[in-house]
Amino acid sequence: MCGIVGYIGSNNVKKALLEGLKELEYRGYDSAGLAVMQEGRIDVFKAVGKLNNLVDKTAAFDPKGFAVGIAHTRWATHGKPTEINAHPHRGDHSFVVHNGIIENYKSLKDSLIEKGVRFISQTDTEVIVHLYESFLAQTKEAFRAFELTIGAIEGAYAILLIDETVGKTIFFAKKGSPLQIGEGTSWRYFASSDAPLIGVCESAIYLDDGSWGYMNDRDIKIFVGNATVSPQKKPLPLTRSAAQKEGFRFFMEKEIYEQSRAVGETLTSRALANVVRLDELQEGFLDGVESLRLCACGTSYHAALSSSYLFERLAKIETRCEIASEFRYRDPILRKNELFIVISQSGETADTLEALKMAKRSGSKTLAICNVDNSSISREADAALLTRAGVEKGVASTKAFSTQVTVLWLLALYIAQNSGALNAEDLAREINAMRRVPSVLAIKPERHEHIRRLSKRYLHGHGFFFIGRDLFYPLALEGALKLKEISYLHAEGYPAGEMKHGPIALADPELFTIALISKNLLKDKMQSNVEELIARDSTLLAISSERLALADDLIEIDEQDHPLLEFFEMTTVIQLLALEIAIRLGTDVDMPRNLAKSVTVE
Ligand code: M6R
């Protein structure tokens, strides 16, 4: 959510900033801006909408030689996505970009206004630059003024600030929002993720929360509190394999097709013939663990909920699931001997990260299931299992979901194997099914074409209900989330058995029910629920391996002998259905309105 880039060096500063922002654009695309400082003068450009608008605006700007620059792509939190609210925000002689939320900005703003400071934006960010300049007026010392500024603000932030009166320096601070430093041969970067650094910097410094300091053409000084910190450098991959659509219409479509390969990667050296190996977990990591608490947001929460059925059924271990934003504020009771597992694609989701910190503070052992190595969540947890999905660009999560469910299934089997909850024969049967997931996830062209053709019947109506039972209920939730976030149509996921307790009142021909019917789990119960809806003339699209006499439409999946194989096959069906409906409705599938890939504000 929002992206930050900073640059100091003699290469093409504009190119460095814009290319960096391009890598981050999927994190926020309401507006973008940059500021370049050369010889004590700062040029600023801002544009509303996608990054291309900023590229057009800066077309004639051609800075040469040594320069300092900061840039930002925004997902609006305070104030509309206008040019005035776009970053960088300015004072009289300094400029700031910021990710996160300054929680006490209102009181700071009021006291600055009382002192005669004029604000022009509605953002919380603008307060940083005025606060800095007001401390500078008192102290006459920029470094001290920045330190006082950081001391005065509350909330979550990653901040870069430049000042014409200082020159050649970027002040920075990080708390609760990601920020790292990249170093190349004769240039240095800041970025809010690895992506802009890869291919242009050899190593990265991952800043810890509470870090602040400055970088100039000679030096990087990092402090936590008053203490100087010696930075730990980690090597970065040498080449940026820029994600390309490779002939697909959208990244989301490409990522749906990539699931087969991604899950294959996830399983490599973990699902062996008769045994599950999770080398990332140290010997004894699970000793004493009596129950599990899974915590996540959005699609990652749906992966968690899906797996809760597996943990209890296969590993016989009590499992609870939590939505991170709810968990944080309800004074939860964390049990001793409970393993706290967070699930996140990005590893930067603010609510999930804070929930993880809470669990750590209360003494729980923690595990992250994450797609991004070195992300805040991977680093914060006691141990991490990487999902190996590869970069996911589409805002609508697809391959992250299937790889998360795979890792969680692996973990359930690993626990069952260690505790003896499954006998050797059942364990081998599970692993055998698991190793067939990549082939089940391979998209058949005729299936995709069928869904594409069918999608034209599902562009109107007064809503969608995705229904399922057991494992297929969380998948129904995921189907509804996929559809609503990229098509802007109203959709709900519901446990099929609950429809008669209220929602069935909505049933009529304009209510589209998408029924996920497993042959292996509760088939008869599910069929009864579906018939209740058909009896009320709801339009019914069945996703099933068997024909259902009265369904209006059927997307036929292969007959599988394991419910999870049906689960993964249906996963691709609901994803493709959402994709094709959205394409027909003409939305921006990869960057749907109001959303961002990584939600780093609460
Ligand atoms: O990066 P995370 O997995 O922590 O993100 C959690 C959610 O923000 C994310 O899954 C979101 O719901 C997606 N847009 C769903 O497609």
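I will try to describe carefully the structure that is included in this document. This is a predicted model, so every value here is computed, not measured.

## Considering the overall build of the chain
Inference 1: A count of helices and strands for the chain gives 17 helices and 25 strands.
Inference 2: Relative to its length of 602 residues, the chain is compact, with a C-alpha radius of gyration of 25 Å against a globular reference of 25 Å.
Inference 3: Taken along the three principal axes of its C-alpha coordinates, the chain extends 80 × 55 × 45 Å.
Inference 4: When the 602 residues of the chain are sorted by exposure, 61% land in the buried category.
Inference 5: Sequence separation of at least 24 residues holds for 72% of the intrachain contacts in the chain that already meet a minimum separation of 6.
Inference 6: Total accessible area on the chain stands at roughly 23400 Å², and carbon and sulfur atoms take up 49% of it.

## Things to note about the pairing of strand β6 (residues 94-102)
Inference 1: For β6, a buried count of nine out of nine residues is recorded, marking the element as mostly surrounded by other parts of the structure.
Inference 2: The pairing of strand β5 (residues 89-90) with β6 spans two bridges and is classified as antiparallel. Residue pairing in the sheet places His89 in a bridge with Val96 of β6.
Inference 3: The turn linking β5 back onto β6 is made up of three residues.

## Focus on the side chain of His89
Inference 1: Take His89: it is sitting in strand β5.
Inference 2: Here Ala86 takes part through its backbone oxygen, which lies 3.4 Å from a polar atom of the side chain of His89.
Inference 3: Apart from the residues within four sequence positions on either side, His89 is in contact with Lys46, Ile84, Ser94, Phe95, Val96, Ser121, Thr123, Thr125, Glu126 and Val129.

## Quick word on the nonpolar core
Inference 1: By size, the foremost hydrophobic cluster in this structure holds 90 residues, and its most contacted members are Trp409, Leu411 and Phe464.
Inference 2: The element that contributes the greatest number of residues to this core is helix α17 (residues 563-585), accounting for 13 residues.
Inference 3: Residues lining this core come from more than one domain, with at least three contributed by each of domain 2 (244-440) and domain 3 (443-588).
Inference 4: Setting aside residues up to four positions removed in sequence, Trp409 forms contacts with Leu310, Leu314, Glu430, Ala433, Met434, Val437, His562, Leu564 and Phe568.
Inference 5: Formed by 27 residues, the second largest nonpolar core is a distinct cluster that contains Leu34, Leu54, Tyr189 and Ala204.

## With respect to helix α16 (residues 523-535)
An α-helical turn contains 3.6 residues, so a residue and the one three or four places further along point in the same direction.
Inference 1: For α16, which comprises 13 residues, the first-to-last C-alpha distance of 18 Å matches the rise-based estimate of 18 Å (1.5 Å per residue) to within 8%.
Inference 2: The inward-facing, buried residues of α16 contact β21 (463-468), β23 (511-516) and β24 (539-544).
Inference 3: In the stretch just after α16, Asp537 is the one whose phi turns positive, near 70 degrees.

## Thoughts on the pattern of salt bridges
Inference 1: According to the stated counting rule, one finds 41 salt bridges in the structure shown.
Inference 2: A salt bridge links Asp553 to Arg457; the nearest nitrogen and oxygen atoms lie 2.4 Å apart. Here the residue Asp553 occupies a position in strand β25 (residues 553-556), and Arg457 occupies one in the loop between α14 (445-454) and β21, the gap between them amounting to 96 residues.
Inference 3: Assessed through its relative accessible area of 8%, Asp553 is described here as buried.
Inference 4: Here the salt bridges share partners, and the residues they tie into one network are Lys174, Asp209, Glu354 and Lys357.

## So, the sheet that holds strand β20 (residues 383-386)
Inference 1: Judged by pairing direction, the sheet is parallel, and its five strands sit side by side in the order β17-β16-β18-β19-β20 without closing on themselves. Each edge of the open sheet carries a strand with a single partner, namely β17 (318-323) and β20. When strand polarity is set aside, the average angle formed by the axes of neighbouring strands in this sheet is 20 degrees.
Inference 2: Relative to β17, strand β16 (residues 291-296) is paired through six bridges, and the arrangement is parallel. What sits directly across from Leu294, in β17, is Cys321.

## A short note on the site of the ligand
Inference 1: Around the ligand, the surrounding shell holds 15 residues, and the nearest of these are Ser300, Ser344, Gln345, Thr349 and Glu485.
Inference 2: In the environment of the ligand, an oxygen atom lies 2.7 Å from a nitrogen or oxygen atom belonging to the side chain of Ser344.
Inference 3: Here the ligand has 410 Å² of accessible area as a free molecule, and 91% of this is covered by the chains.
Inference 4: Of all elements in the fold, only α7 (298-314) and α15 (472-487) reach the threshold of two or more residues within the shell around the ligand.

## Brief notes about the environment of Ile583
Inference 1: Its location among the elements puts Ile583 in helix α17.
Inference 2: Spatially, the C-alpha atom of Ile583 lies 8.9 Å from that of Ile486, the residues being 97 residues apart in sequence.
Inference 3: Contact partners of Ile583, with chain neighbours within four places excluded, come to Arg249, Phe250 and Val589.

## Some thoughts on the sheet that holds β25
Inference 1: The five strands lie next to each other as β22-β21-β23-β24-β25, forming an open sheet whose pairing is parallel. Each of the sheet's edge strands pairs with one partner strand only, and the pair in question is β22 (491-495) and β25. When the angles between neighbouring strand axes are averaged without regard to direction, this sheet yields 20 degrees.
Inference 2: Relative to β24, β23 runs parallel, the two being bridged by five bridges. Bridging across to β24, Ile514 finds its partner in Leu541.

## Looking at the side chain of Asp194
Inference 1: When you line up the elements, Asp194 lands in the loop between β10 (187-191) and β11 (203-206).
Inference 2: For Asp194, which is buried and forms no salt bridge, the nearest opposite charge comes from Arg379, at a distance of 8.4 Å.
Inference 3: Those residues within four positions of Asp194 in sequence are excluded, and the remaining contacts are Gln180, Tyr206 and Leu236.

## Thoughts on unusual backbone geometry
Inference 1: Between His87 and Pro88 the backbone carries a cis peptide bond, its omega angle lying at 0 degrees.
Inference 2: Tracing the backbone shows Pro88 in the loop between β4 (67-74) and β5.
Inference 3: For Lys140, which is not glycine, the phi torsion reads 60 degrees and is therefore positive.
Inference 4: Within the element layout of this structure, Lys140 appears in the loop between α4 (126-139) and α5 (142-152).
Inference 5: We note that Lys316 has phi near 55 degrees; this positive angle belongs to a residue other than glycine.
Inference 6: The residue Lys316 is located in the loop between α7 and β17 in this model.
Inference 7: We classify Lys316 as exposed; its relative accessible area is 59%.

Calculation notes
Residues numbered from 1 in each chain as written. Predicted model: local features only at pLDDT ≥ 70, side-chain atom pairs only at ≥ 80, totals over all residues. Heavy atoms only, no water. Helix = DSSP H or I, 4+ residues; strand = E, 2+ residues; numbered from the N terminus. Rg over C-alpha atoms; globule rule 2.2 N^0.38 Å. Buried < 20%, exposed > 50% of the residue type's maximum accessible area, 1.4 Å probe, protein only. Contact = heavy atoms within 4.5 Å. Areas by Shrake-Rupley, 256 points an atom, 1.4 Å probe, with all protein chains shown as cover. Pairing = 2+ DSSP bridges. Polar contact = N/O pair within 3.5 Å; in protein donor to acceptor, adjacent residues only side chain to side chain. Core = buried A, V, L, I, M, F, W, Y, C linked by side-chain atoms within 4.5 Å. Domains from an automatic or database assignment. Expected span 1.5 Å × (residues − 1). Salt bridge = Lys/Arg side-chain N within 4 Å of Asp/Glu carboxyl O. Axes fitted to C-alpha atoms, helices over the stretch in contact; angles between N-to-C directions. Near = heavy atom within 4 Å. Lys, Arg positive; Asp, Glu negative; His and termini not counted.

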